[in-house]
Amino acid sequence: MNLILLGPPGAGKGTQAKRLEDKFKIVQLSTGDMLRAAIASGSEVGLKAKNIIDSGGLVSDDIMVQMISERVDEPDCKNGFILDGFPRTVAQAEALDVMLADKGLQIDHVIELKVDEGILFDRIRTRIAETPEAERRSDDNEETLKKRLDVFKEQTAPIIPYYADKGALKTVDGMASIDEVSAQIDTIVAA
Ligand SMILES: Nc1ncnc2c1ncn2[C@@H]1O[C@H](COP(=O)(O)OP(=O)(O)O)[C@@H](O)[C@H]1O
């Protein structure tokens, strides 16, 4: 089973992806985590990505599509995967369709976690406050947060109608409790 989790920063994609990993023995592919690992390793992609991420912008579609394409080919993805943070632009969504078709794969469910903007600010502010500075993500700060939400609205939100038009989109109330959100997702994937 292959899934896409969609939603703005702070929507709870990572939390739900972890639960889905355990429940269905499929792997979470978080492009944010993959990029942070690339930065930590000092790879060429990491060097290109660092300043972009710290400013709240988006890494180029080419780099991201290549990164996901290679990752999906790894053996641990054979049971299925959860895309978290990808696609983030309509161009990425289109490239994903082509890439998966080439590999003979498909997405089974596209699940949007819907959360009001004010709540997102509160959640991320709490995440910042509760994480010691040394462990904090370099893009978890007030200035970058606003930029990340703006980038989501401008560049990522258009993929919601992209999937809705294909009849592939399921929307979940991301403001419900973590357990309720999981239950809603379970109902969708069981259908
Ligand atoms: N698919 C992608 N395309 C372009 N940039 C990405 C992508 N995924 C992650 N990034 C970069 O990594 C940053 C952190 O991503 P992520 O951990 O998913 O954060 P968020 O908490 O905003 O969902 C993004 O702000 C962006 O700079």
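Not measured: the values here are computed from a predicted model.

A. Up close: the site of the ligand. Within the structure, the ligand sits among 19 residues, and Thr 31, Arg 36, Gly 57, Gly 85 and Gln 92 are positioned closest to it. Note that an oxygen atom of the ligand is positioned 2.5 Å from one of the backbone N or O atoms of Gly 57. Taking 560 Å² as the accessible area of the ligand by itself, protein coverage stands at 96%. With four residues, helix H2 (residues 31-41) is the single largest residue contributor to the shell around the ligand.

B. Seen up close, the pairing of strand S1 (residues 3-6). Neither face of S1 is left uncovered, since the one carrying Leu 3 and Leu 5 and the one carrying Ile 4 and Leu 6 both have all their residues buried. Bridging between S1 and strand S4 (residues 109-114) involves four bridges; their strand directions are parallel. Counterpart to Leu 6 in the pairing with S4 is Glu 112.

C. A look at the UniProt feature "binding site: ATP" (unreviewed entry) in the chain. As recorded in UniProt, the sites labelled "binding site: ATP" (unreviewed entry) are Gly 10, Ala 11, Gly 12, Lys 13, Gly 14, Thr 15, Arg 127 and Ala 176. Mapped onto the fold, Lys 13 is located in helix H1 (residues 13-24). On the basis of relative accessibility, which here comes to 11%, the residue Lys 13 falls in the buried class. Every residue in contact with Lys 13, bar those within four places of it in the chain, is listed here: Leu 5, Leu 6, Gly 7, Pro 8, Asp 84, Gly 85 and Leu 113. Only 2.9 Å separates the side chain of Lys 13 from the backbone oxygen of Gly 7, close enough to count as a polar contact. Its location among the elements puts Ala 176 in the loop between strand S5 (169-173) and helix H9 (178-190).

D. Here's a closer look at the nonpolar core. Leu 29, Ile 68, Phe 81, Leu 83, Leu 96 and Tyr 163 are the most contacted members of the largest nonpolar core, which totals 29 residues. For this core, the secondary-structure elements that each account for two or more residues are S1, strand S2 (27-30), H2, helix H3 (44-55), helix H4 (61-72), strand S3 (81-84), helix H5 (90-103) and helix H8 (159-165). Among the elements that take part in this core, H4 stands out by supplying six residues, more than any other. Excluding its chain neighbours within four sequence positions, the residues that come into contact with Leu 96 are Ile 4, Leu 83, Phe 86, Pro 87 and Tyr 163. Counting 22 residues, the second-largest nonpolar core is a separate cluster that includes Ile 26, Val 115, Leu 120 and Val 189.

E. Structural context of unusual backbone geometry. Residue Pro 87 follows Phe 86 across a cis peptide bond; omega there is -5°. Within the secondary structure, Pro 87 is located in the loop between S3 and H5. Located in the positive-phi region is Lys 25, a residue other than glycine, with phi close to 55°. You can see Lys 25 is positioned in the loop between H1 and S2.

F. Expanded view of the pattern of salt bridges. Applying the stated criterion across every chain yields a total of 16 salt bridges. The partner of Asp 54 in a salt bridge is Lys 50, and the shortest N-O contact between them spans 2.5 Å. Here the residue Asp 54 and the residue Lys 50 both occupy positions in helix H3, the gap between them amounting to four residues, near one helical turn. A salt bridge links Glu 112 to Lys 114; the shortest N-O distance between them is 3.8 Å.

G. Region of interest: the pairing of S4. For S4, the tally of buried residues reaches five of six residues, placing the bulk of the element in the interior. With five bridges joining them, S4 and S5 adopt parallel strand pairing. Looking at S5, one finds that Glu 112 is bridged to Thr 171.

H. Structural context of helix H7 (residues 142-156). Its 15 residues place the ends of H7 20 Å apart at the C-alpha level, agreeing with the 21 Å of an ideal helix rising 1.5 Å per residue. The set of residues buried in H7 consists of Thr 144, Leu 145, Arg 148, Leu 149, Val 151, Phe 152 and Thr 156. Buried residues along H7 cover an arc of 160° about the axis, so they all sit on one side. Among the exposed residues of H7, those oriented more than 90 degrees off its buried face are Glu 143 and Glu 154. Each element contacted by the buried residues of H7 is listed here: H3, helix H6 (117-130) and H8.

Cut-off values and rules
Residues numbered from 1 in each chain as written. Predicted model: local features only at pLDDT ≥ 70, side-chain atom pairs only at ≥ 80, totals over all residues. Heavy atoms only, no water. Near = heavy atom within 4 Å. Polar contact = N/O pair within 3.5 Å; in protein donor to acceptor, adjacent residues only side chain to side chain. Areas by Shrake-Rupley, 256 points an atom, 1.4 Å probe, with all protein chains shown as cover. Helix = DSSP H or I, 4+ residues; strand = E, 2+ residues; numbered from the N terminus. Buried < 20%, exposed > 50% of the residue type's maximum accessible area, 1.4 Å probe, protein only. Pairing = 2+ DSSP bridges. UniProt positions renumbered as here; feature names shortened; annotations may be inferred. Contact = heavy atoms within 4.5 Å. Core = buried A, V, L, I, M, F, W, Y, C linked by side-chain atoms within 4.5 Å. Salt bridge = Lys/Arg side-chain N within 4 Å of Asp/Glu carboxyl O. Expected span 1.5 Å × (residues − 1). Arc of directions from axis to C-beta.

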